[in-house]
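This is what each chain is made of:
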Amino acid sequence: MRKNIDVEVDTGVIEKYRRHPNGNGWVSGKSTVQPSAFISESAYIESGATVGREAWIGPGSWIDHGVVVGDKVFIGQNVHIGEGSLVSGGAHLGSHVRIGRNVRIAAGVRLDRDTRVPDDTDVATGNVGADGRRSHGLAA
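Residues numbered from 1 in each chain as written. Predicted model: local features only at pLDDT ≥ 70, side-chain atom pairs only at ≥ 80, totals over all residues. Heavy atoms only, no water.

Taking an unreviewed UniProt entry as the reference, the chain is identified by name as Transferase belonging to Cryobacterium arcticum.

Below, the structure written as structure tokens:
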């Protein structure tokens, strides 16, 4: 469930989200998103989240509270990344991926379309398919 957190801006107006200039996506006033990141028009970045340089967040995706998305990460459409997770630089998350809470995804990892990663999992290297099979060493 998406939480609404109010942010009081300098004008005294209460603002929950603002539009990111690159892609027009919805960004919480209490998040940090680099100007070079692309946030699709129907994507949401929640409070406390950080999105790195040249990251790409697809339509319908939801980056939850306290998530860190590294530089040059690709996130497809309709992806949810659970609270407190880390997606390291260069990772690629296909469409309809679901990431649980407190998940750690290493740099360069590729998650195929429809992949599910449970809470508190470390995805160390390689590719993970929608069936959960891992093509290279991953720690659970």
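A few words now on unusual backbone geometry. The phi dihedral of asparagine 102 is positive, around 55°, even though this residue is not glycine. In this fold, asparagine 102 is placed in the loop between β16 (98-99) and β17 (104-105). With a phi close to 60°, aspartate 120 is a non-glycine residue in the positive phi region. (Helix = DSSP H or I, 4+ residues; strand = E, 2+ residues; numbered from the N terminus.)

Below, the discussion takes up the packing of aromatic side chains. Enumeration over the complete set of coordinates arrives at four aromatic pairs. Aromatic pair tryptophan 26 and tyrosine 44: ring centres 6.3 Å apart, planes at 15°, arrangement stacked. Linking tryptophan 26 in strand β4 (residues 26-28) with tyrosine 44 in strand β7 (residues 44-45), this pair joins segments that are 18 residues apart in sequence. Chaining the aromatic ring pairs together yields one cluster made of Tyr17, Trp26 and Tyr44. (Phe/Tyr/Trp six-rings, centres within 6.5 Å; stacked < 30°, edge-to-face > 60°.)

Pairing between side chains becomes possible if they bear opposite charge and their charged atoms approach one another. Using the criterion set out here, one finds three salt bridges in the structure. A salt bridge links aspartate 71 to arginine 53, with the shortest nitrogen-to-oxygen separation between them at 2.9 Å. Here aspartate 71 is found in the loop between β11 (68-69) and β12 (74-75), whereas its partner arginine 53 is found in the loop between β8 (50-51) and β9 (56-57), with 18 residues between them in sequence. Here glutamate 83 makes a salt bridge to arginine 101, at a shortest N to O gap of 2.9 Å. Of this pair, glutamate 83 sits in the loop between β13 (80-81) and β14 (86-87) while arginine 101 sits in the loop between β16 and β17, and the two are 18 residues apart along the sequence. Since its relative accessible area comes to 45%, arginine 101 is described here as partly exposed. (Salt bridge = Lys/Arg side-chain N within 4 Å of Asp/Glu carboxyl O. Buried < 20%, exposed > 50% of the residue type's maximum accessible area, 1.4 Å probe, protein only.)

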